[in-house]
Amino acid sequence: MKIVIYISSFFVCLTMFAQSNKMERIKVEGNEFVNLAGKVMVFRGINTSDPDKLATDGIWGEEYIQEISKWGATAVRFPVHPSAWRRRGQEAYLKLLDQGIAWAAKYNMYVIIDWHSIGNLKNQLYLDEMYNTTLPETYAFWKLMAEKYGKNPTVAFYELFNEPTMYQQRFGTITWEEWKKINEEIITIVRANGGEGIPLVAGFNWAYDLTPVKENPIEAEGIGYVAHPYPMKREQPWEPKWTADWGFVKDTYPVVLTEIGFCDETAPGAHVPVIGDETYGDAITNYCDDKNISYFIWVFDKQWSPQMYVDDKYTPSRQGKYFKKKMRSYKK
Amino acid sequence: MKIVIYISSFFVCLTMFAQSNKMERIKVEGNEFVNLAGKVMVFRGINTSDPDKLATDGIWGEEYIQEISKWGATAVRFPVHPSAWRRRGQEAYLKLLDQGIAWAAKYNMYVIIDWHSIGNLKNQLYLDEMYNTTLPETYAFWKLMAEKYGKNPTVAFYELFNEPTMYQQRFGTITWEEWKKINEEIITIVRANGGEGIPLVAGFNWAYDLTPVKENPIEAEGIGYVAHPYPMKREQPWEPKWTADWGFVKDTYPVVLTEIGFCDETAPGAHVPVIGDETYGDAITNYCDDKNISYFIWVFDKQWSPQMYVDDKYTPSRQGKYFKKKMRSYKK
Amino acid sequence: MKIVIYISSFFVCLTMFAQSNKMERIKVEGNEFVNLAGKVMVFRGINTSDPDKLATDGIWGEEYIQEISKWGATAVRFPVHPSAWRRRGQEAYLKLLDQGIAWAAKYNMYVIIDWHSIGNLKNQLYLDEMYNTTLPETYAFWKLMAEKYGKNPTVAFYELFNEPTMYQQRFGTITWEEWKKINEEIITIVRANGGEGIPLVAGFNWAYDLTPVKENPIEAEGIGYVAHPYPMKREQPWEPKWTADWGFVKDTYPVVLTEIGFCDETAPGAHVPVIGDETYGDAITNYCDDKNISYFIWVFDKQWSPQMYVDDKYTPSRQGKYFKKKMRSYKK
Ligand SMILES: [Mg+2]
Ligand SMILES: [Mg+2]
Ligand SMILES: [Mg+2]
Ligand SMILES: [Mg+2]
Ligand SMILES: [Mg+2]
């Protein structure tokens, strides 16, 4: 027997000091996100690259987050790669998150913490070593996130697993029923450990296919669903396919496109399925604006693709120009 | 193909040499433990702290075990923390167990080997790093215990997992059906590897709740059940609740309270749920004596809480005084 | 999002260069292996010891493989011990396999890659540390084998797991249904990653018992089954028992005895169940020849038992003499 219950007042104080007065708890109401006054909230956000990568590059800092705010973002997504989490170490990585969350709050941006793995968690087969994780590590990560940031309203969203995929069975198989149970278990853990934010759940095909939600939704209240509808996931006209594949979910639940973006096929790092142009930009942003779907651009980095900027002065890339203009056009 | 079958006569001899003539195989008969002559055996024992901790502190030795015997104990429980098991290394830790078992036999005390983890083995979420383990490690531990000590009658009990708990779902979920299957698999492994001792199975809520045993007992013969009814697990009057929560099991199966104990709220290390006084001591020992339930006091250490002694001379703590007197009052 | 698709033309070229013109893709047709022309192929092969062991011993080289060919083998089996795989490291071990496959092709021998573990993969309990592996490691191994050698016809067979066994429950339990699903998942992974070779599936009792195949065969096309009918697995007369235990499978599916062999009880390393003599040799080879069952002798090493040769000049052991003569007697 050994139960130690204590209030970690030191951390609570630090967190409260860091957060702006303006941040408030975002909740789910029907198929929308709402603030405390019940106002519908739609987020247009930007993905940072991994805070660990930014710190290593010497870019991680308040200026970087401030720049994201200047581009019109009302939220940021921090993709935490499991390999970076292990390599930097929990304590050191938490310092990065503490900073990022505090800076985001200072510029009135909400935060998605994203466990950035790609593959089949059931079989532990992933796209690359950097995405390697295990079910217990994933549980433990979310337990810690809930303990550490669960009461902090700036951390509005917990994206439980970035891109579940069987990769045409290269990673073997997993059923929706199995995936559903894993997500439900994580949600249980998050909530039991004080996580008051909104869990976001992705479907197969690299966070694209939400069709099983129709018959068999996640059994939990107050959550949202995720899709990553990059340009090449479907042929034009996109809209009817988007609706059939994931857009229909918004009739019933909140939906967040935690990754959208495009680049030329000649752009550095261009790869399937991100090649596209402003036609895609117009289509996806109009689709989202029509339906109150929140979206986040991938990625605020000059190396990771599709880049949003191209040099040390944050000079926008082609998609950077498009989305900077678009995001700044929204009425705040 | 590579099957090597050998009789490890060296270890067998060592083990037989170490054990006293007086120790005999304890078995389960109905709801009681019995010796070879069929006499009902009820154990009043004491928990050591982790042998690894005691060895590090320079306390591990025959005198320490002899002292426990002087306090009236007829059995000792060795809590093996998975982290200590890995840190010291299997070979070195086995030496500690070899010693402890031999000393226990010398003073006519039976032994519980206790795999001292706290948490949800299914999700690998634990109270603290020191309790971290995995299902395969747990299987392998018990396989080895059975191979090494399975024929040694001094090692009367195998406590398969100290305190299973979901911690109000902070460690996620596990059903009784799942927990039952894990325990049954360990029991199968123990027996197939020659373990002739008695497996002890704990219920959820930190080894407190045995209610599922009513409808769905472990499917194995010759086992016992465990509860850790510390003072604060329930409000007074305790007895009807104890009967409803775990005491009813004794109508059908042997029950061992492998941890009981109390301390003042001002005592060093005092924590939920161990705060209590002699009222509790009287209640729990009377309850056990009435029902032939064996019990073990937590813990024979001057640092771990609730302590049984307070200095290097084994001066009893408050609960130490109480239980020393109580245990010495039984007719041997 | 990060999908990188590229054709690893460098490796493809290397592989094509390495393989002989004469090797062609072996396929399953009914209960037989056939070549492209539809000719039934029966393999009489030899087990190398672990390439890692041979490399450490300084024996790994073209001469060693050539010697196997001289003994009449039309195929070789490479037993990859999980511990050797991890110790040498994936990149270095792949070099050994690249070499072995190229040399085998040069001497017109097909290859079985064999994941050489012994035990219960479900519980991660194994005969010895050298056989330790996990389900994810096993999946990842076969994913890599399929990516690397999937298009190379020399690598005709993938033996998914050498010897599954509960060891009379010393390794706990696993049902055929569970084992079947594991094998089916590996087969799915192998094929999705381009593995065009033939998966070989073993049954319990150390790859001996295929009786569950009667009612509940692996649900996959184009596979074969494995048995290791060493002399002591059954009493004489062997044939009716062999038919009942695994031989009946050949009525419907291809069967490969990936390990047979014998030695005197006084031979170095002699152990259950390999003790036997030429009576066994005649019985098993006649049984196989009658039914077009392929077989592989264990093991072309002077230390591992039963040895096929006894010194640095490849002087045959007793079983070496027997099988060398036998294998050279077949018409090519
Ligand atoms: Mg305890
Ligand atoms: Mg997929
Ligand atoms: Mg073998
Ligand atoms: Mg519990
Ligand atoms: Mg078996």
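Just so you know, these numbers come straight off a predicted model, no measurement behind them.

Criteria and thresholds
Residues numbered from 1 in each chain as written. Chains lettered and ligands numbered in written order. Predicted model: local features only at pLDDT ≥ 70, side-chain atom pairs only at ≥ 80, totals over all residues. Heavy atoms only, no water. Buried < 20%, exposed > 50% of the residue type's maximum accessible area, 1.4 Å probe, protein only. Helix = DSSP H or I, 4+ residues; strand = E, 2+ residues; numbered from the N terminus. Arc of directions from axis to C-beta. Contact = heavy atoms within 4.5 Å. Buried area = accessible area lost by both parts, 1.4 Å probe. Salt bridge = Lys/Arg side-chain N within 4 Å of Asp/Glu carboxyl O. Nonpolar A, V, L, I, M, F, W, Y, C, P; charged D, E, K, R; others polar. Least-squares fit on C-alpha atoms with pLDDT ≥ 70 in both. UniProt positions renumbered as here; feature names shortened; annotations may be inferred. pLDDT = per-residue confidence, 0-100. Phe/Tyr/Trp six-rings, centres within 6.5 Å; stacked < 30°, edge-to-face > 60°. Lys NZ or Arg CZ within 6 Å of the ring centre and 35° of its normal. Expected span 1.5 Å × (residues − 1). Polar contact = N/O pair within 3.5 Å; in protein donor to acceptor, adjacent residues only side chain to side chain.

Trainee: Describe in detail helix α3 (residues 62-70) of chain A, supporting the description with residues and values.
Mentor: Residue and element names in this part refer to chain A. Residues of α3 that are buried: Tyr 64, Ile 65, Glu 67 and Ile 68. Buried residues along α3 cover an arc of 155° about the axis, so they all sit on one side. For α3, the elements touching its buried residues are β4 (44-48), α2 (51-57), β5 (75-80), α5 (90-106) and β14 (294-300). After α3 finishes, the residue Gly 72 shows a positive phi value of roughly 100°.

Trainee: Report on the pairing of strand β4 (residues 44-48) of chain C, specifying residues and quantitative values.
Mentor: Of all 5 residues making up β4(C), 5 are buried, and the element is well covered by its neighbours. Residues C:Arg44, C:Ile46 and C:Thr48 of β4(C) are buried on one face, and the alternating residues C:Gly45 and C:Asn47, pointing to the opposite face, are buried as well.

Trainee: Give me the interface of chain C and chain A: which residues, what numbers.
Mentor: With 13 residues of chain C at the interface, the matching set in chain A holds 26 residues. Interface area, chain C with chain A, both sides summed: about 1,600 Å², of which 61% is carbon and sulfur. Counting across the chain C and chain A interface gives 0 salt bridges. For the side of chain C that touches chain A, the secondary structure elements donating two or more residues are α6 (135-149) and α7 (176-192) of chain C.

Trainee: Would you mind going over the interface of chain C and chain B in detail, with residue names and values included?
Mentor: Each partner contributes residues to the interface: chain C has 25 residues there, and chain B has 13 residues. When the two sides are added together, the surface that chain C and chain B hide from each other amounts to roughly 1,600 Å², 61% of it contributed by carbon and sulfur. Counting the surface chain C buries against chain B, the share from its top three residues, C:Asn123, C:Leu125 and C:Arg170, is 28%. Along the contact surface separating chain C from chain B lie 0 salt bridges. Per-class residue counts for the side of chain C that touches chain B are 14 nonpolar, 8 polar and 3 charged.

Trainee: Which residues make up the relation of the copies chain C and chain B, and what values go with them?
Mentor: Superposition record for chain C on chain B: RMSD 0.0 Å, screw rotation 120°, translation along axis 0.0 Å. Such a combination of rotation and displacement between the chain copies is what one expects of a three-fold axis. The position closest to the rotation axis in chain C is occupied by the C-alpha of C:Thr134, lying 7.2 Å away.

Trainee: So what about the UniProt feature "domain: Glycoside hydrolase family" (unreviewed entry) in chain A? Which residues, and what values?
Mentor: Mapped onto the present numbering, the UniProt feature "domain: Glycoside hydrolase family" (unreviewed entry) falls at residues 37-301 of chain A. Along residues 37-301 of chain A one finds 37% helix and 19% strand; the C-alpha atoms at either end are 35 Å apart.

Trainee: Provide a residue-level description of the confidence of the model for chain A, including the pertinent values.
Mentor: Residue and element names in this part refer to chain A. Per-residue pLDDT for chain A has a mean of 94; in total, 93% of the residues score no lower than 70. Low pLDDT, under 50, characterises residues 3-20; the stretch is placed with 17 contacts to residues that sit more than four places away or in other chains. This complex was scored by the predictor with a pTM of 0.94 and an ipTM of 0.93.

Trainee: I'd love a proper account of the packing of aromatic side chains, names of residues and values included.
Mentor: All told, the structure shown has 102 aromatic pairs over all chains when counted by the stated rule. Judged by centre distance (5.5 Å) and plane angle (70°), the rings of A:Phe43 and A:Tyr110 are edge-to-face. With a gap of 67 residues between them, A:Phe43 in the loop between β3 (40-41) and β4 and A:Tyr110 in strand β6 (residues 110-115) connect regions that are remote in the sequence. A:Tyr110 matches A:Phe43 in its accessibility class, with the two residues each being buried. Between the aromatic rings of B:Trp60 and B:Phe78, the centroid separation amounts to 5.7 Å while the plane-to-plane angle is 70°, which identifies the pairing as edge-to-face. Remark: B:Phe78 occurs in strand β5 (residues 75-80) and B:Trp60 occurs in the loop between α2 (51-57) and α3 (62-70); sequence separation between them is 18 residues. Residue classification places B:Phe78 among the buried positions, given a relative accessible area of 0%. By the ring-pair criterion, three or more aromatic residues cluster together here, those being A:Trp238, A:Trp242, A:Trp246, A:Phe262, A:Tyr280, A:Tyr287, A:Tyr322 and A:Phe323. Positioned above the aromatic ring of A:Tyr167 is the side chain of A:Arg170, whose terminal nitrogen or guanidinium carbon lies 4.2 Å from the ring centre. Between the NZ or CZ atom of C:Lys214 and the centre of the ring of C:Phe248, over which it lies, the distance is 4.3 Å.

Trainee: Go over α7(C), please, and point to the residues and values.
Mentor: Given 3.6 residues per helical turn, the α-helix brings residues three or four places apart onto the same face. Residues and elements named next belong to chain C. Here α7 spans 24 Å end to end across 17 residues, near enough to the 24 Å set by a 1.5 Å rise per residue. Along α7, the positions that sit buried rather than exposed are Trp 176, Trp 179, Lys 180, Ile 182, Asn 183, Glu 184, Glu 185, Ile 186, Ile 187, Ile 189 and Val 190. Among the residues trailing α7, Gly 194 stands out with phi positive, at a value near 95°.

Trainee: Just give me the short version of the environment of A:Glu159, but keep the residues and values in it.
Mentor: All names here are of chain A. Its place among the elements puts Glu 159 in strand β9 (residues 157-159). As a C-alpha pair, Glu 159 and Tyr 225 span 66 residues in sequence and 9.1 Å in three-dimensional space. Contact partners of Glu 159, with chain neighbours within four places excluded, come to Arg 77, Ile 112, Ile 113, Asp 114, Trp 115, Trp 142, Leu 200, Val 226, His 228 and Thr 258. In terms of polar contacts, Glu 159 uses its side chain to reach the side chain of Arg 77, at 2.8 Å.

Trainee: Explain the side chain of B:Lys53 to me, using residue names and the numbers behind them.
Mentor: Residue and element names in this part refer to chain B. Tracing the backbone through its elements, the reader meets Lys 53 in helix α2. A residue is classified by how much of its surface remains accessible, and Lys 53, at 14% relative accessible area, is buried. Engagement of the side chain of Lys 53 in a polar contact is seen with the side chain of Asp 301, the distance being 2.9 Å. Once residues lying within four places of it in the same chain are set aside, the contact partners of Lys 53 are Asp 301, Gln 303 and Trp 304.

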